[in-house]
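# Observations on the three-dimensional arrangement
Each chain is listed here by its residues.
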Amino acid sequence: MSTSTVRELPAVAPAVTAELVAALSPRLRKRLDAGITKLADRPVVRGGDTVRITVDDEGSELELHAPGGVVADAAAIRCGCLLAPDCLHRAAAASAAPVADASADTASTEGADGIAGVGAVEAAGQPAPLPGVREIPVPDESATAPQLAAAHAVFEAVAAVLDAGTDGSGAVLQAELLRAAHTARLAGLPRAAAAAVSVVTGVRAARAADPAFRLTELVGAVSEALFVAHRVPHATGAELTGLRGTVRQPYMPDGSLRLYGLFSEPVLTASGYAGAVTWTADAEGRLYTVSDVAPGGTGRAVGAADRAVRIGDTALTHRELARAGLAVSGATVSPTGRLGAGAGVRAVRASGVGWRAEPLDRLWAVPVAEQVGRALDGGHDLLFLEVTAVGAVREAAGDCLLADCGGVPLRLTAAHDHPELPHRDNLRLLAAARGSRLRVVARLVAAPQARAQLLATEHPMRAGSRVDVGLDRLQHADLPVPASPPSAAPLAPAAPVHVVRTPDEAPLHLLRRRIEQAASGGRRVLAFPGDSAADVHRLHRHGLGTAGDILDGLLAAAAERSRDAFGRLLPADTGHFARAWLTAARYTDEVDRVLCAAAWGG
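Please read all numbers here as calculations on a predicted model, not as lab measurements. (Residues numbered from 1 in each chain as written. Predicted model: local features only at pLDDT ≥ 70, side-chain atom pairs only at ≥ 80, totals over all residues. Heavy atoms only, no water.)

What follows is about the overall build of the protein. Along its length, the protein carries 19 helices and 19 strands. Across the 602 residues that make up the protein, the buried fraction comes to 51%. Here the contacts in the protein between residues at least 6 apart in sequence split such that 66% fall between residues at least 24 apart. (Helix = DSSP H or I, 4+ residues; strand = E, 2+ residues; numbered from the N terminus. Buried < 20%, exposed > 50% of the residue type's maximum accessible area, 1.4 Å probe, protein only. Contact = heavy atoms within 4.5 Å.)

In structure tokens, the structure reads:
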């Protein structure tokens, strides 16, 4: 058995949390958030698939049965207190636990590679298919009645969360959104379900002051959930198919493959899943991934790279595969390039090649603007770049590595901020290796300036060696020795910190700031616009007239309140405000795409 904190609770299915909260009396619902806070101080004891928490000073125990790491039934949460089963403890535990991904209980046998936990990521949108995959015509059909009802429920629940903001979205509002997510999943809307769960996960991270919380990610989740729910009733054919999404990606036979390892990255999600993903490429430069993601925490994310790859009989670990190769027969592949691990798949170790040798070298030969355009158009978002380290850039979220990429000033940021993962520390050390010319792999971030998350890089001192930034830890000795004598300068000189203009200073930020304020503080923070007239005028003055009109409409929707015949304020129209907010969020996203392409020379 092992002891940890309530943060290490197993993931709980959305329907379970919704059911337990709905069963509470009105009096207990008011006490639910306080109950969650009290539960956070209680130790958690794990024993196999069972987790136990002592909930009071009398020794009463709360038990969660989680086969496979997921609590899938309300009966699997049992409490020994005198008020059970109608006590507060069961609902508090479910509300404090990570939300299980909607696809976790429907993973196919092809998911034997442990990727069930990332299925919701694919459900969040239509992935770009691999080259050569035939598109199948979609009939011109409309949403079914259950789908229309589910979409309405998701929209209303997300609108209520947006109206309240993260501070006001307690466990009861979260449970309503989880209920809507479950309804959407049952109605055949996995994309809406996944987006709704992402909103709950983001709200919980914000309320818990999780250092990994990013307001921009919460804004994206709220925007995605509102957009899908809003469009489903009006969509038909291919658009509706895309809005529905898919829970499980179909694996298609792909014959024999000769793959070459590129890099590995850790996976650590707020929904309680962790592991590693290794990226490989074939002789034509097509990308394939091998995943090992399952319920777990930081320890699993750190250790997954040294676990054996679950394909065929190979004994390769993910860390080894990232530098070696793989020969696969009877391969099955999803449209996003994920390799299946069915019974008929065979794989053996093969030799790998360096990044500057064929066939991997061709990945860096593609013009950067073309790579960025592909990512912005829905293809994979990996960028293969030649950069020169310049120093560090100070930003609100922390210092990032400033690099020159063919004349384009590029900010390379950490893909994850968890202190047990080496992303941030490696960035700081690489910033000290200024002047080093390196090949890197990064993930595009759509922003008004060139920005990407650094995933892997050539070693600054060892030719032909590479560093997986999220798994390998650089040391001072791995950096180039300064040009001056060692006695006159430290071995690892401090990187220069450049204070530069950020996107927050651009006029469009006047609109983006209001979008983020609403997601964080709710509608009320925009109900008193203050200097809104000046902001609208400034946007118009800079040629962003549409942005100015959208901001004006957003603030008007926030302040709009009707009164009854007695002059009393009526409840706010959360749907009207949500639609105004969604318009603003979608507009800024599209402008960011255009500015991002321009920043990279597109």
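This next bit is on the sheet that holds strand β10 (residues 287–295). The sheet built from five strands is open, its strands ordered β10-β9-β8-β11-β12 with antiparallel pairing. Across the chains shown, the open sheet's two edge strands, defined by having one partner strand only, are β10 and β12 (346–350). With strand direction ignored, the average angle separating the axes of adjacent strands in the sheet is 35°. With five bridges joining them, strand β11 (residues 325–333) and β12 adopt antiparallel strand pairing. Within the sheet, the bridge partner assigned to A327 lies in β12 and is V348. (Pairing = 2+ DSSP bridges. Axes fitted to C-alpha atoms, helices over the stretch in contact; angles between N-to-C directions.)

This brings us to the pattern of salt bridges. All chains considered together, the criterion is met by 36 salt bridges. For R443, the salt bridge goes to D381, with nearest N and O atoms at 3.4 Å. One end of the pair, R443, is in strand β16 (residues 437–444); the other, D381, is in the loop between α14 (368–376) and β13 (382–393), with 62 residues separating them in the sequence. Overall, R443 belongs to the buried group, its relative accessible area being 16%. For D381, a relative accessible area of 29% gives the class partly exposed. In this structure, D425 engages R428 in a salt bridge whose closest nitrogen and oxygen atoms are separated by 2.8 Å. In this pair, D425 and R428 are both assigned in helix α15 (residues 423–431), three residues apart and thus about one turn of the helix distant. (Salt bridge = Lys/Arg side-chain N within 4 Å of Asp/Glu carboxyl O.)

Moving on to the confidence of the model for the protein. The predicted model of the protein has a mean per-residue pLDDT of 85, with 87% of residues at 70 or higher. Confidence drops under a pLDDT of 50 for residues 483–495, and excluding neighbours within four residues, the segment shows 16 contacts in the predicted structure. A low-confidence stretch, residues 497–505 stays under pLDDT 50, and its non-local contacts, those more than four residues away or across chains, total 19 contacts. (pLDDT = per-residue confidence, 0-100.)

In this section: the packing of helix α6 (residues 145–168) against helix α9 (residues 215–231). Running from N to C, α6 and α9 cross one another at 150°; their axes reach a closest spacing of 8 Å. Taken together, α6 and α9 sit at an angle that is classed as roughly antiparallel. For the pair α6 and α9, the crossing hand works out as left-handed. When α6 is examined against α9, the residues A151, V154, F155, V158, A159, L162 and T166 are found in contact with a partner set consisting of L218, V222, A225, L226, A229 and H230. Taken together, the residues that form the contact of α6 with α9 break down as 11 nonpolar, two polar and no charged. (Parallel < 35°, antiparallel > 145°, perpendicular 65-115°, else oblique. Left-handed = near helix turned anticlockwise from the far one by under 90°. Nonpolar A, V, L, I, M, F, W, Y, C, P; charged D, E, K, R; others polar.)

Let's shift gears to the packing of aromatic side chains. Under the defined criterion, the tally for this structure stands at three aromatic pairs. Taking 5.0 Å as the distance between ring centres and 35° as the angle between the ring planes, the aromatic pair formed by W355 and W364 counts as tilted. Using a relative accessible area of 8% as the deciding quantity, one classes W364 as buried. Members of the aromatic cluster, each reached through a chain of ring pairs, are W355, W364 and F384. Lying across the ring of F227, R586 places its NZ or CZ 3.6 Å from the centre. (Phe/Tyr/Trp six-rings, centres within 6.5 Å; stacked < 30°, edge-to-face > 60°. Lys NZ or Arg CZ within 6 Å of the ring centre and 35° of its normal.)

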